[in-house]
Amino acid sequence: MSEPATVLIPGWMHEHARDMLRSQFNLIEIPDCDLEAHLTAQQRAAIRGVACYTTIDQNFIDALPNLEIVANYGVGYERVDAAYARTRNVVVTNTPDVLNEEVADLTLGLLISVVREIPKATAFVRNGEWKTSSFPHSRLTLRNRTVGIYGMGRIGRCIARRVEAFGLPVAYHSRRPAEGVDYAYFPTLLELASAVDVLISIVPGGPATEKTVNAEVLSALGSEGVFINVGRGSVVDEDALISALRTGTIAAAGIDVIVDEPNVPEEMLALDNLTVLPHIGSASVSTRTAMADLVARNIISWFQDGAAITPVP
Ligand code: NDP
């Protein structure tokens, strides 16, 4: 029988993936991406697979001459230089689909929470204020709104189905019309924002989407507008968002992601009409375990059958 392949985990990884990989491979675990500090040249040469939840750049890939596969924990893989990996014939995998419904659930929860001020209402009860007064009626409502979805991919479609069930019309923007959906399509984000009064962002991060939700888009959304971001923080011009919320350019926002996680800017925390969640879109025990399972199964499948399960495009 041939020797098990050597697989590296640099930094944090879900325990379920660690256990699965440990049982099948020669697993090396190091605390961070400093390969030179933690590994000998011989160890680096032995590594054929990497399971990661961290930045994998060109230098990292170059330091592992026999690397074949990088399995990223998460569907968003902008921290892995997949374009460079391809030039080195290194396969990159992510964890699509297993988290779609979970993220869509959280998105609708966040939207309702923002519009109907659920966190404030909870605090009102806890603080004992209900004993002496009634909670003020929410200024905003979901009723009679049109919901625009920026990104009609796997998760965007799951969000759209839920929005439909709430009896609200859906419109969307992506670079091209999405196959098999008949929601109203807008060729630009600005046109979408002008046509709706809820904008939900669920596009990937990276240079193509960076700061695309800018002052102009927020202004087009309008003073009754609600913005929800469950994609990536980098998609939003955060200064423009803070200013739009402060001046009433839009009514309220809820975001699960920020640019510099976990360092939430003070200006954001000071805003009464902004709800910030700590990047929990997919973060239930069961869904995170399913993601970890897929990380490990991608590597196992690669070394057993010569094909990954979910390679990135
Ligand atoms: P998909 O690849 O299935 O969908 C992405 C969508 O975005 C597609 O409709 C795509 O359409 C569109 N899109 C991509 N680039 C652009 C662009 N430059 N301009 C306009 N539209 C664009 O991804 P998923 O739905 O699986 O995931 C989306 C993202 O959600 C992930 O990349 C991740 O960043 C984030 N996410 C966040 C989570 C959280 O915990 N908050 C959890 C899981 C995911 P087209 O290519 O036609 O433009």
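Conventions and cut-offs
Residues numbered from 1 in each chain as written. Predicted model: local features only at pLDDT ≥ 70, side-chain atom pairs only at ≥ 80, totals over all residues. Heavy atoms only, no water. Near = heavy atom within 4 Å. Polar contact = N/O pair within 3.5 Å; in protein donor to acceptor, adjacent residues only side chain to side chain. Areas by Shrake-Rupley, 256 points an atom, 1.4 Å probe, with all protein chains shown as cover. Salt bridge = Lys/Arg side-chain N within 4 Å of Asp/Glu carboxyl O. Helix = DSSP H or I, 4+ residues; strand = E, 2+ residues; numbered from the N terminus. UniProt positions renumbered as here; feature names shortened; annotations may be inferred. Axes fitted to C-alpha atoms, helices over the stretch in contact; angles between N-to-C directions. Parallel < 35°, antiparallel > 145°, perpendicular 65-115°, else oblique. Left-handed = near helix turned anticlockwise from the far one by under 90°. Contact = heavy atoms within 4.5 Å. Nonpolar A, V, L, I, M, F, W, Y, C, P; charged D, E, K, R; others polar. Buried < 20%, exposed > 50% of the residue type's maximum accessible area, 1.4 Å probe, protein only. Pairing = 2+ DSSP bridges. Right-handed = clockwise from strand over helix to strand, strands pointing away.

Caption draft 1: Looking closely at the site of the ligand. Neighbouring residues of the ligand: 27 residues in total, closest Arg154, Ile155, Arg175, Val230 and Asp256. The backbone of Gly153 places a nitrogen or oxygen atom 3.1 Å from an oxygen atom of the ligand. In the environment of the ligand, an oxygen atom lies 3.3 Å from a nitrogen or oxygen atom belonging to the side chain of His279. The fraction of the free accessible surface of the ligand (930 Å²) that becomes covered by protein chains is 87%.

Caption draft 2: Quick peek at the pattern of salt bridges. Summed over the entire model, instances satisfying the criterion amount to 15 salt bridges. In this structure, the salt-bridge partner of Glu101 is Arg162, at a minimum N-O distance of 2.8 Å. Residue Glu101 is located in helix H6 (residues 100–116), and its partner Arg162 is located in helix H8 (residues 154–165); the two are separated by 61 residues in the primary sequence. A salt bridge links Glu224 to Arg139, with the nearest nitrogen and oxygen atoms 3.1 Å apart. Placement of the pair is Glu224 in the loop between helix H10 (215–221) and strand S10 (226–229) and Arg139 in the loop between helix H7 (118–126) and strand S6 (147–150), with a sequence separation of 85 residues. Residues joined by salt bridges that share partners form a network here, namely Glu15, Arg18, Asp19, Arg22 and Glu29.

Caption draft 3: View of the UniProt feature "domain: D-isomer specific 2-hydroxyacid dehydrogenase catalytic" (unreviewed entry) in the chain. In the UniProt entry, the feature "domain: D-isomer specific 2-hydroxyacid dehydrogenase catalytic" (unreviewed entry) is given for residues 32–312. The distance separating the terminal C-alpha atoms of residues 32–312 is 24 Å; by composition the span is 38% helix and 14% strand.

Caption draft 4: Focus on the packing of helix H1 (residues 15–24) against helix H13 (residues 285–305). At a minimum axis separation of 8 Å, H1 and H13 run at an interaxial angle of 25°. Between H1 and H13, the angle falls in the class roughly parallel. Once H1 is placed against H13, the crossing between them reads as right-handed. Note on element contacts: H13 touches H1 through Thr289, Ala292, Asp293, Ala296, Arg297, Ile299, Ile300 and Gln304, opposite His16, Ala17, Met20, Leu21 and Gln24. Looking at the contact of H1 with H13, its residues break down into seven nonpolar, four polar and two charged.

Caption draft 5: Seen up close, unusual backbone geometry. The residue after Glu261, namely Pro262, is reached through a cis peptide bond having omega 0°. Its location among the elements puts Pro262 in the loop between strand S11 (252–255) and helix H12 (266–269). Of note, the phi angle at Asp97 is positive, near 70°, even though the residue is not glycine. Along the chain, Asp97 turns up in the loop between strand S5 (91–93) and H6. Take Asp97: its relative accessible area is 46%, and that puts it in the partly exposed class. Non-glycine residue Lys211 carries a positive phi angle of around 55°. With respect to the element layout, Lys211 can be found in the loop between strand S9 (198–201) and H10. By relative accessible area, which is 46% here, Lys211 ends up partly exposed.

Caption draft 6: A look at the environment of Ile47. Along the chain, Ile47 falls in strand S3 (residues 47–52). For the pair Ile47 and Pro169, spaced 122 residues apart in the sequence, the C-alpha separation amounts to 51 Å. If near-sequence neighbours (up to four positions away) are discounted, Ile47 is found in contact with Thr6, Leu8, Ile28, Leu39, Leu64, Asn66 and Leu67.

Caption draft 7: Looking closely at the pairing of strand S4 (residues 69–72). In S4, alternate side chains face the same way, and those of Ile69 and Ala71 on one face and Val70 and Asn72 on the other are all buried. Inspection of the sheet shows S3 paired to S4 by four bridges, in the parallel sense. Paired with Cys52 across the strands is Asn72, a residue of S4. Sheet topology note: the S4/S5 ladder contains three bridges and is parallel. In the sheet register, Ile69 faces S5, and the bridge partner there is Val91. What joins S4 to S5 is helix H5 (residues 82–87), and the crossover it makes is right-handed.

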